[in-house]
Amino acid sequence: MSYSISLGRFVGKVAVVTGASAGIGEAIAKLLVRNGVIVVGVARRGESVREHAKKLLGEKGVLHAYECDLTKQDEILRTFKKITTELGSISILINNAGVLKVSGIIDGDIEKWKAVIDTNVMAVATGIREAVASIKAHNIKGHIININSTAGHTVVDFPNAGFYPASKFAVTALTESVRLEINREKLPIKITSLSPGYVETDIVKVAFSEVSGNNNWDKITVKGLHARDIADAALYVLSTPEHVNVKELTVMLQGSPV
């Protein structure tokens with residue numbers, strides 16, 4: 001059986017993409033809109049999402065900006081309720097938002113640990129809960145993609161990465177736990193862990209620029225994947241036939257060890 005990469009069954013449906021103001025989230029949101037999906041870009045920087053939306057006018061789909069601080073559970077709950085009230089049931093959830101905070105563990109900063117866990121784990125779990133509730137309430141089919149990391153499978157010797165690998169290992173386990181729950185309830189929902197290697201976005205630059213004396217990241221040349229590469233991978237995952245679930249997809253730069 002052959003098939004082409006197409007989001008035909010999701011045309012006109014609602015997709016929620018967190019962290020849609022820049023990087024991977026922005027790239028995924030744009031690609032979905034160009035394929036006819038109604039995209040909700042969730043981010044703290046709502047104005048950035050609105051600027052992206054203007055550039056996508058005339059495409060098959062549309063991009064809506066919803067401002068939300070994903071470290072605040074009450075804001076997440078209000079945002080998902082607002083989405084379903086204003087736009088209807090959620091068919092796709094892309095849990096993309098993530099942060100890296102420069103801090104070790106044995107002498108680390110507890111507040112930085114908490115910021116990483118709240119964004120990279122708690123917001124992901126809460127988003128999944130709300131999206132699944134929407135899918136079940138409207139008796140539709142859905143797909144959840146958690147943007148994970150190769151750091152969620154192997155811990156590399158990257159100084160002061162702190163809680164980032166631990167948070168991504170949690171995403172790996174969380175994704176599989178949800179898949180098993182979905183199976184037990186026989187729900188028509190797919191869930192995928194999409195794990196890129198290093199991607200050339202601002203996550204590392206921002207993390208190091210927050211630390212006094214560590215503003216030299218721009219001077220370091222590190223080759224990595226592009227955000228569009230991960231957006232293409234997400235499109236592939238969403239386009240698979242209904243009987244196929246890509247449980248885990250790892251995407252790495254050719255020749256790169258991480």
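For the structure itself, look to the data block above.
Everything numeric in this text was worked out from a predicted model, so none of it was measured. (Residues numbered from 1 in each chain as written. Predicted model: local features only at pLDDT ≥ 70, side-chain atom pairs only at ≥ 80, totals over all residues. Heavy atoms only, no water.)

A.B. asks: Please explain the overall build of the protein as it appears in this structure.
C.D. replies: If you tally the helices and strands in the protein, you get seven helices and seven strands. Listing each helix as α and each strand as β along the protein from the N terminus yields β-α-β-α-β-α-β-α-β-α-β-α-α-β. The C-alpha radius of gyration computed for the protein amounts to 18 Å, which stays within 12% of the reference 18 Å derived for 258 residues, consistent with globular compactness. Its C-alpha atoms give the protein principal-axis dimensions of roughly 50 × 40 × 40 Å. Residues classed as buried in the protein amount to 48% of the 258 residues present. Looking at the protein alone, contacts between residues at least 24 apart form 72% of all its contacts between residues at least 6 apart. Accessible surface for the protein amounts to roughly 12900 Å². Of this, 53% is attributable to carbon and sulfur atoms. Distance between charge centres in the protein, computed from 30 positive and 26 negative side chains, equals 5 Å. (Helix = DSSP H or I, 4+ residues; strand = E, 2+ residues; numbered from the N terminus. Rg over C-alpha atoms; globule rule 2.2 N^0.38 Å. Buried < 20%, exposed > 50% of the residue type's maximum accessible area, 1.4 Å probe, protein only. Contact = heavy atoms within 4.5 Å. Areas by Shrake-Rupley, 256 points an atom, 1.4 Å probe, with all protein chains shown as cover. Lys, Arg positive; Asp, Glu negative; His and termini not counted. Charge placed at Lys NZ, Arg CZ, Asp CG, Glu CD.)

A.B. asks: What is the right way to read the nonpolar core from this model?
C.D. replies: The tendency in soluble globular proteins is for nonpolar side chains to be buried as a group. Among the nonpolar cores identified, the biggest contains 37 residues, and Ile 28, Leu 32 and Leu 194 are the most heavily contacted of them. Among the secondary structure elements, those contributing two or more residues to this core are strand S1 (14–18), helix H1 (23–34), strand S2 (38–43), helix H2 (46–55), strand S4 (90–95), strand S5 (142–147), helix H7 (227–239) and strand S7 (248–251). Apart from the residues within four sequence positions on either side, Leu 32 is in contact with Leu 7, Ala 15, Val 17, Val 37, Val 39 and Leu 238. (Core = buried A, V, L, I, M, F, W, Y, C linked by side-chain atoms within 4.5 Å.)

A.B. asks: Looking at this model, I keep getting lost on the pattern of salt bridges. Mind explaining?
C.D. replies: Considering all chains together, one arrives at 14 salt bridges under this definition. For Glu 185, the salt bridge goes to Lys 136, with nearest N and O atoms at 3.1 Å. Here the residue Glu 185 occupies a position in helix H5 (residues 164–185), and Lys 136 occupies one in helix H4 (residues 110–138), the gap between them amounting to 49 residues. For Glu 185, a relative accessible area of 47% corresponds to the partly exposed category. Judged by relative accessible area, Lys 136 falls into the partly exposed class, the value being 44%. Two residues, Glu 242 and Lys 141, come together in a salt bridge whose shortest N-O distance is 2.6 Å. With Glu 242 in the loop between H7 and S7 and Lys 141 in the loop between H4 and S5, this pair connects stretches of sequence that are 101 residues apart. (Salt bridge = Lys/Arg side-chain N within 4 Å of Asp/Glu carboxyl O.)

A.B. asks: What should I look at first to understand the packing of aromatic side chains in this one?
C.D. replies: Between two aromatic rings, the relevant description is the distance of the centres plus the angle of the planes. One pass over the structure, following the stated rule, counts one aromatic pair. Measuring from centroid to centroid gives 5.1 Å for Trp 113 and Phe 163, while their planes differ by 25°, and the two rings are stacked. On the criterion of sequence distance, the pair formed by Trp 113 in helix H4 and Phe 163 in the loop between S5 and H5 is long-range, its members being 50 residues apart. With a relative accessible area of 23%, Phe 163 lands in the partly exposed category. (Phe/Tyr/Trp six-rings, centres within 6.5 Å; stacked < 30°, edge-to-face > 60°.)

A.B. asks: Is there a simple way to explain H5 in this structure?
C.D. replies: One turn of an α-helix holds 3.6 residues; hence residues three or four places apart share an orientation. In this model, H5 (22 residues) spans 31 Å end to end at C-alpha, consistent with the 32 Å of a helix rising 1.5 Å per residue. Within the sequence span of H5, burial applies to Tyr 164, Pro 165, Ser 167, Lys 168, Val 171, Leu 174, Thr 175, Val 178, Arg 179 and Ile 182. Lys 186 sits one or two residues past H5 and shows a positive phi near 55°. (Expected span 1.5 Å × (residues − 1).)

Read these as spatial facts, not as claims about activity.
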